[in-house]
Amino acid sequence: MAKVAPSILSADFSVMGEAIKKIEQAGADLVHCDVMDGSFVKPITFGGQMVKNIRPLTRLPLDVHLMVEHPKTQIKFFADAGADIITVHYEACASISPTYLKETLSMIKSYGIKCGAVVNPDTDVEKIFDVFDICDFVMIMSVFPGYGGQKFIESTLDNVRKARQYADSIGRKDMEIEIDGGINTANAERVRNSGASVLVAGAAVFGAEDMRAAISAIRG
Ligand code: DX5
Ligand code: ZN
């Protein structure tokens, strides 16, 4: 069964503790934490202190999505804060050096944390095939990162299918293929059928009248 990772980007930051408890009670599988640095993407959200403060409030795994330049410099902060999964963007790493992504993923693993590589909607997932062997997660962006509540980009399902097929072909049926951006109750089934196993949803969960019903519909 697919897993649902509500994105706290769509929560009210003034009552974040309540939001965490609410999504856990509504059946969330992971908590998706969107970290933005004002440079890799224009907005700034939060850093390790937020992750540290929500850590004791839930037993759910904390899935930290780093939308930052120079991600290597940030890993220790989020590892120490209690992240369970850290994902980093191919695009932020490729602009530094061809080996930076692999080095960052290895650094994450060295803290005993699950790691993942992320590609933007206009990046072919083939670009990260060479790191699939060390990834626990591969995340496909289905919107351009920076904002919640954007429209799902249909063509990104090609990346989902390619990622699933390639992972299976190298004997990595355990690989989680995560998808992030614009997921809702109307498109979730198509997304799951394309091979996604972890569905991030911000607006569709926090904007729902019945959060539990929304999460279970997205999970399928
Ligand atoms: C976008 C973030 C997403 C976003 C998802 O930059 O990485 O996690 O919050 O929110 P929705 O589901 O509203 O598109
Ligand atoms: Zn995200």
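Residues numbered from 1 in each chain as written. Chains lettered and ligands numbered in written order. Predicted model: local features only at pLDDT ≥ 70, side-chain atom pairs only at ≥ 80, totals over all residues. Heavy atoms only, no water.

### Brief notes about the coordination of the zinc ion (ligand 2)
In step 1: For the zinc ion (ligand 2), the full set of protein donor atoms is H32 (NE2), D34 (OD), H65 (ND1) and D180 (OD), and the range of their distances to it is 2.0 to 2.3 Å.
In step 2: Note that the zinc ion (ligand 2) binds 6 donor atoms; their angles at the metal cover 70 to 169°, and the shape is octahedral.
In step 3: For D34, a relative accessible area of 4% puts it in the buried group.
In step 4: When its relative accessible area of 8% is taken as the criterion, D180 is described as buried. (Donors = N, O, S within 2.8 Å, 3.2 Å for Na, K, Ca; no water. Tetrahedral: all angles 85-135°; square planar, octahedral: opposite > 155°, others 65-115°. Buried < 20%, exposed > 50% of the residue type's maximum accessible area, 1.4 Å probe, protein only.)

### Digging into the site of ligand 1
In step 1: In the neighbourhood of ligand 1, 20 residues make up the surrounding shell, with D34, G146, G149, D180 and G202 lying closest.
In step 2: Between an oxygen atom of ligand 1 and a main-chain N or O atom of G182, the distance comes to 2.8 Å.
In step 3: Measuring from an oxygen atom of ligand 1, one finds a backbone N or O atom of G202 at 2.7 Å.
In step 4: Considered on its own, ligand 1 offers 380 Å² of accessible surface; in the complex 99% of this is hidden by protein. (Near = heavy atom within 4 Å. Polar contact = N/O pair within 3.5 Å; in protein donor to acceptor, adjacent residues only side chain to side chain. Areas by Shrake-Rupley, 256 points an atom, 1.4 Å probe, with all protein chains shown as cover.)

### Focus: the pattern of salt bridges
Two side chains with opposite charge may pair up if their charged atoms get near one another.
In step 1: If you walk through the whole model with that rule in mind, you get 13 salt bridges.
In step 2: Residue D174 is joined to R172 by a salt bridge in which the shortest nitrogen-to-oxygen separation is 2.9 Å.
In step 3: Given the relative accessible area of 52%, D174 is considered exposed.
In step 4: What emerges from the salt-bridge pattern is a single network uniting D124, E126 and K162. (Salt bridge = Lys/Arg side-chain N within 4 Å of Asp/Glu carboxyl O.)

### Points about the sheet that holds strand β2 (residues 31–36)
In step 1: Pairing within the open sheet is parallel, and its 8 strands lie in the order β1-β8-β7-β6-β5-β4-β3-β2. The open sheet has two edge strands with one neighbour each: β1 (3–6) and β2. Here the strands of the sheet are splayed against their neighbours by 25° on average, with no regard to which way each runs.
In step 2: Where β1 lies against strand β8 (residues 198–201), 4 bridges are found, and the strand directions are parallel. Within β8, the residue paired with P6 across the bridge is A201.
In step 3: Sitting on the sheet, helix α6 (residues 157–169) is in contact with β5 (114–119), β6 (137–141) and β7 (176–180), with an inclination near 170° to β7. (Pairing = 2+ DSSP bridges. Helix = DSSP H or I, 4+ residues; strand = E, 2+ residues; numbered from the N terminus. Axes fitted to C-alpha atoms, helices over the stretch in contact; angles between N-to-C directions. Contact = heavy atoms within 4.5 Å.)

### A short note on the layout of surface pockets
In step 1: Space inside the largest pocket adds up to approximately 250 Å³.
In step 2: Around the largest pocket, the lining comprises 26 residues; the ones closest to its centre are Y147, G148, G149, G181 and G182.
In step 3: Contributing elements (two or more residues each) for the lining of the largest pocket: β2, β3 (62–67), β8 and α8 (203–206).
In step 4: Its residues assigned to classes, the lining of the largest pocket comprises 13 nonpolar, 11 polar and 2 charged.
In step 5: Roughly 210 Å³ of internal volume is contained in the second largest pocket.
In step 6: Around the second largest pocket sit K3, D29, L30, P61, D84, I85, K114, D136, F137, R172, D174 and E176, which together line it. (1 Å grid on protein atoms, 1.4 Å probe; cavity = no way out; pocket = protein on both sides within 12 Å on 5 of 7 lines; lining within 4 Å. Points joined across faces, edges and corners; volume = space filled by probe spheres on them. Nonpolar A, V, L, I, M, F, W, Y, C, P; charged D, E, K, R; others polar.)

### With respect to helix α5 (residues 100–110)
In step 1: Within α5, the full set of buried residues consists of Y100, L101, T104, L105 and I108. Projection of α5 onto a plane perpendicular to its axis shows the buried side chains occupying an angular sector of 135°, all on one side.
In step 2: Packed against the buried residues of α5 are α3 (75–81), β4 (85–89), α4 (90–94) and β5.
In step 3: Backbone geometry just after α5 places G112 at a positive phi near 80°. (Arc of directions from axis to C-beta.)

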